[in-house]
Amino acid sequence: MNDSTVAVIVVAAGSGTRLGHSEPKAFVPLGDDTILGVALDAVLGMRDAPHVVVVAPADRLGEARSMVAARAAAASATFDVVAGGESRQESVSRGLGALPHVVETVLVHDAARPLTPSAVFDEVAAAVVARGHGVVPALAVVDTIKRVDAAGRVLGTVDRSELAAMQTPQGFPRSALEHAYARAHGEHTDDAALVESIGMPIDVVPGDARAFKITVPADLHRAEHLVAERHGADAAARAAHAAAPVAASAAVPRIGTGIDVHAFDADADTPLWLAGLHWPDERGLSGHSDGDAVAHAICDALLAAAGLGDIGGMFGTADPRFSGAHGEVFLAETVRRLADAGFRVGNVSVQVVGNRPKLAPRRAEAEALLTRIVGAPVSVAATTTDRLGFTGRGEGVAAIATALIVTG
Ligand code: CTP
Ligand code: MG
């Protein structure tokens, strides 16, 4: 069991009136699971298992408990289940009351946003720790926003350049969130609003389209579709690898190459992260981030294919947000930038050059993880250099990636 200083409060005590299902929203089926189950998988997919507090309807505590117990055990996470209140704010407040003493950073997450990627939780938690204040994921507003009166008459157009749509998980230093809740007057629409009201700064970090909230039936359909797609991803990956020809109607694909090299760290305690995986008992790589040469080479290949520059230009080494960040954070952000620029990934191939770690035993695991993050097939190969050069002498690891992307 862990002694995590990070807790995630998952609020799941709402009734889901607008969804109109016979079950409370968190218990509505999603794929072969429930909305809450899928949400918990995302929370427990965090790099470092957090303490989890599930806030559930008072008459569903047992069910919620068994849902979280199995998953938490698999992730070596500690958890608690408490009954919610009349409003979301009251539910969060009850969740706060259940936090263990050691917790210093609290993320509050809507179970109704089950497809939020684990990387968003990691990023928010890391940013709260680094900055010492509130951090919320947000998306730019893409629609034109107008003020409209009760009679339906347009009053004016709002400048959307200053607007952003807030998502969860919203993260805070525990003391700030507790202070804000202790002083709360009236209902606020999100946790950040409460913390703003005590004068604490809140920063936004990039949200994720998949973190949308299931509110009405159409949202549930969208989530069902995404879950089905996720389950089909393995089959799709195999199909894509079987050299499926690019459809004649598709635009000409674009390719890019990326190379990255990191030296082994002099400090024997530095952990090794490579291909998105942690390699216990292997010497770690040095770098401003976690030194994951495989993830970085893939980012460069993707950015090159899209003509978006390179990883150094996108995530400056001076930027404290990326100090110690895992490859997954860079990859997810790179894929998001490509999507913004109108590209999606066809496939990626990456080769690791070095003596250690021995990749073969965990190759499938690395491919599955990277494929999930990139959202397209990623194949991973490895080679040594016959004892020649810096890789042959065991001074570091190199990775060479090729990416193919298409428009759309
Ligand atoms: N929530 C909660 N306790 C409440 C109300 C809401 O824990 N008393 C949680 C919901 O379970 C959900 C999140 O807050 O995960 C966001 O709320 P919302 O989407 O409004 O969910 P519901 O309140 O369940 O839906 P509705 O407003 O349509 O009834
Ligand atoms: Mg509600």
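If you're wondering where the values come from, they're calculated on a predicted model, not measured in any experiment. (Residues numbered from 1 in each chain as written. Chains lettered and ligands numbered in written order. Predicted model: local features only at pLDDT ≥ 70, side-chain atom pairs only at ≥ 80, totals over all residues. Heavy atoms only, no water.)

(A) Just the site of ligand 1, in detail. Lining the immediate surroundings of ligand 1 are 18 residues, of which V11, G16, T17, S91 and K213 lie closest. One nitrogen or oxygen atom from the main chain of G16 is found 2.8 Å from an oxygen atom belonging to ligand 1. Contact distances for ligand 1 include 3.1 Å between a nitrogen atom and a backbone N or O atom of E86. For ligand 1, the accessible surface in isolation is 550 Å², of which the surrounding protein chains cover 87%. A class-by-class count of the residues in the shell around ligand 1 yields five nonpolar, seven polar and six charged. (Near = heavy atom within 4 Å. Polar contact = N/O pair within 3.5 Å; in protein donor to acceptor, adjacent residues only side chain to side chain. Areas by Shrake-Rupley, 256 points an atom, 1.4 Å probe, with all protein chains shown as cover. Nonpolar A, V, L, I, M, F, W, Y, C, P; charged D, E, K, R; others polar.)

(B) The arrangement of the nonpolar core in detail. Counting residues in each nonpolar core, the largest one holds 48 residues, and the members touching the most others are L274, V294, I298 and L302. Counting residues per element, this core draws most heavily on helix 9 (residues 293-306), which supplies 11 residues. Those residues within four positions of V294 in sequence are excluded, and the remaining contacts are L274, A275, V350, V352, L370 and A399. Grouped together as the second largest cluster of nonpolar side chains are 32 residues, V8, V10, A42 and V205 included. (Core = buried A, V, L, I, M, F, W, Y, C linked by side-chain atoms within 4.5 Å. Buried < 20%, exposed > 50% of the residue type's maximum accessible area, 1.4 Å probe, protein only. Helix = DSSP H or I, 4+ residues; strand = E, 2+ residues; numbered from the N terminus. Contact = heavy atoms within 4.5 Å.)

(C) Structural context of the domain arrangement of the chain. Taken as a whole, the chain is organised into domain 1 (6-138 + 164-206) and domain 2 (244-407). Using only C-alpha atoms to locate each centre, domain 1 and domain 2 end up separated by 31 Å. Both sides together, the interface formed by domain 1 and domain 2 hides about 760 Å², and carbon and sulfur atoms give 51% of it. Joining domain 1 to domain 2, the criterion identifies one salt bridge. (Domains from an automatic or database assignment. Buried area = accessible area lost by both parts, 1.4 Å probe. Salt bridge = Lys/Arg side-chain N within 4 Å of Asp/Glu carboxyl O.)

(D) Geometry of helix 3 (residues 88-96). Turning to helix 3, its buried residues are Q89, S91, V92, G95 and L96. Along the axis of helix 3, the buried positions cluster into a sector of 160 degrees, meaning they face one direction only. Where helix 3 is buried, its residues touch strand 1 (6-11), strand 4 (51-56), strand 5 (79-83), strand 6 (105-110), helix 5 (174-182) and helix 6 (191-196). (Arc of directions from axis to C-beta.)

(E) The packing of aromatic side chains, seen in detail. The full count for this structure, using the stated rule, is zero aromatic pairs. Cation over ring: R60 sits above F27, and NZ or CZ is 4.6 Å from the ring centre. Sitting over the ring of F212, R222 keeps its end group 3.8 Å from the ring centre. (Phe/Tyr/Trp six-rings, centres within 6.5 Å; stacked < 30°, edge-to-face > 60°. Lys NZ or Arg CZ within 6 Å of the ring centre and 35° of its normal.)

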